[in-house]
Amino acid sequence: MKYIQIPVSDAPLYLLLEADPSKKKIDSYLPESWCFAAIDAGAVEGICVVKEIDTAIAEIFNISVSPEMRQQGIGSKLLKFSLSELTTKGIHRIELGTGTFGYQLTFYQRHGFRVDSVIKDYFLHNYDQPIVEDGVQHKDMLRLSLDLTIRRQ
């Protein structure tokens, strides 16, 4: 597995839809984003889409690993690679939005992200179809952040 930055045009839609079920939303953030990928045998097996939203601040809009490649540490390695690349681009703070429960929240917290705020009813107002995980509908969004200037172990 190699980790590299790829052109936005090479980001596979099917993989982006794994993490964000709205093509309309994907189309809104994909242009002008950076795409970092986990590549195995020439195939994109993981993707991380990040966009600069302010001076030295970027937002992760999408991170996904192919279903058959999950639980192998690829997402963690891809996130670490992406964060490292972002520091070379002058990014000091990373933000993102995720649901209030589920494996995604745990994933980000394991990597040092902290909760900044809650946006009530975000998923109800911004998605055409309900997003359900483990039989529970996502309603609110948690905004998380990570300060890249703090040294981590």
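Everything below is about the structure shown above.
Note that this is a predicted model, so its numbers are computed, not measured. (Residues numbered from 1 in each chain as written. Predicted model: local features only at pLDDT ≥ 70, side-chain atom pairs only at ≥ 80, totals over all residues. Heavy atoms only, no water.)

Our next topic: the sheet that holds strand 1 (residues 2-6). Reading across the sheet, the seven strands line up as 1-2-3-4-5-9-6 and stay open at both edges, with mixed pairing between neighbours. Strand pairing shows two members of the sheet lacking a second neighbour, strand 1 and strand 6 (114-119), which therefore form its edges. Neighbour-to-neighbour, the strand axes of this sheet turn through a mean angle of 30 degrees, independent of strand direction. With respect to the sheet, helix 3 (residues 74-88) is in contact with strand 1, strand 2 (34-40), strand 3 (43-54), strand 4 (57-65), strand 5 (93-99) and strand 9 (141-147), its orientation differing from that of strand 2 by roughly 140 degrees. Lying on the sheet, helix 4 (residues 103-110) is in contact with strand 4, strand 5, strand 6 and strand 9; it crosses strand 5 at an angle near 160 degrees. (Pairing = 2+ DSSP bridges. Helix = DSSP H or I, 4+ residues; strand = E, 2+ residues; numbered from the N terminus. Axes fitted to C-alpha atoms, helices over the stretch in contact; angles between N-to-C directions. Contact = heavy atoms within 4.5 Å.)

Right, let's talk about the nonpolar core for a bit. If you look at the biggest cluster of nonpolar residues, it comprises 28 residues, and the most contacted ones within it are F36, V50, I60, L86, I94, Y108 and F113. With six residues, helix 3 is the single largest residue contributor to this core. With residues up to four places along the chain from it excluded, the contact list for L86 reads W34, F36, V50, I91, I94 and L148. The next biggest cluster of nonpolar side chains, apart from the first, holds 13 residues, and it includes L30, C35, A37 and I39. (Core = buried A, V, L, I, M, F, W, Y, C linked by side-chain atoms within 4.5 Å. Buried < 20%, exposed > 50% of the residue type's maximum accessible area, 1.4 Å probe, protein only.)

Time to look at the side chain of D140. One can find D140 in the loop between strand 8 (136-137) and strand 9. No salt bridge is formed by the buried D140; its nearest oppositely charged neighbour, K120, is found at 4.4 Å. Setting aside residues up to four positions removed in sequence, D140 forms contacts with T98, G99, T100, V118, I119, K120, D121, Y122 and F123. (Lys, Arg positive; Asp, Glu negative; His and termini not counted. Salt bridge = Lys/Arg side-chain N within 4 Å of Asp/Glu carboxyl O.)

In this structure, Q71 takes a positive phi of about 65 degrees despite not being glycine. Among the structural elements, Q71 can be located in the loop between strand 4 and helix 3. Under the relative-accessibility criterion, Q71 is labelled exposed at 82%. Phi at D134 takes a positive value of approximately 50 degrees, unusual for a residue other than glycine. Mapped onto the secondary structure, D134 falls in the loop between strand 7 (132-133) and strand 8. In this structure D134 comes out as exposed when scored by relative accessible area, which is 75%.

A full pass over the atoms with the stated rule returns six salt bridges. When the shortest N-O distance is used, the salt bridge between R70 and E18 registers 2.8 Å. Of this pair, R70 sits in the loop between strand 4 and helix 3 while E18 is found in helix 1 (residues 13-19), placing the two residues 52 residues apart along the sequence. According to the relative accessible area criterion, E18 is partly exposed, its value standing at 39%. With a closest N to O distance of 2.8 Å, R143 and E59 form a salt bridge. Here R143, found in strand 9, pairs with E59, found in strand 4; they are 84 residues apart in sequence, far enough to count as distant. Among the residues examined, E59 registers a relative accessible area of 11% and is labelled buried. In this structure, a network of salt bridges that share partners links the residues E59, R93, E95, D116 and R143.

Two aromatic rings are characterised by how far apart their centres lie and by the angle between their planes. If you walk through the whole model with that rule in mind, you get six aromatic pairs. Judged by centre distance (4.8 Å) and plane angle (20 degrees), the rings of Y29 and F61 are stacked. One end of the pair, Y29, is in helix 2 (residues 23-29); the other, F61, is in strand 4, and 32 residues separate them in sequence. We classify F61 as partly exposed; its relative accessible area is 27%. Summarising the aromatic geometry, the rings of F36 and F81 are spaced 6.1 Å apart at their centres and angled 80 degrees between planes, so their arrangement reads as edge-to-face. Taken together, the residues F36 in strand 2 and F81 in helix 3 connect sequence positions 45 residues apart. Aromatic ring contacts, followed pair by pair, group Y3, F36 and F81 into a single cluster. Geometry around Y127 places K25 over its ring, the cationic atom sitting 5.9 Å from the centre. (Phe/Tyr/Trp six-rings, centres within 6.5 Å; stacked < 30°, edge-to-face > 60°. Lys NZ or Arg CZ within 6 Å of the ring centre and 35° of its normal.)

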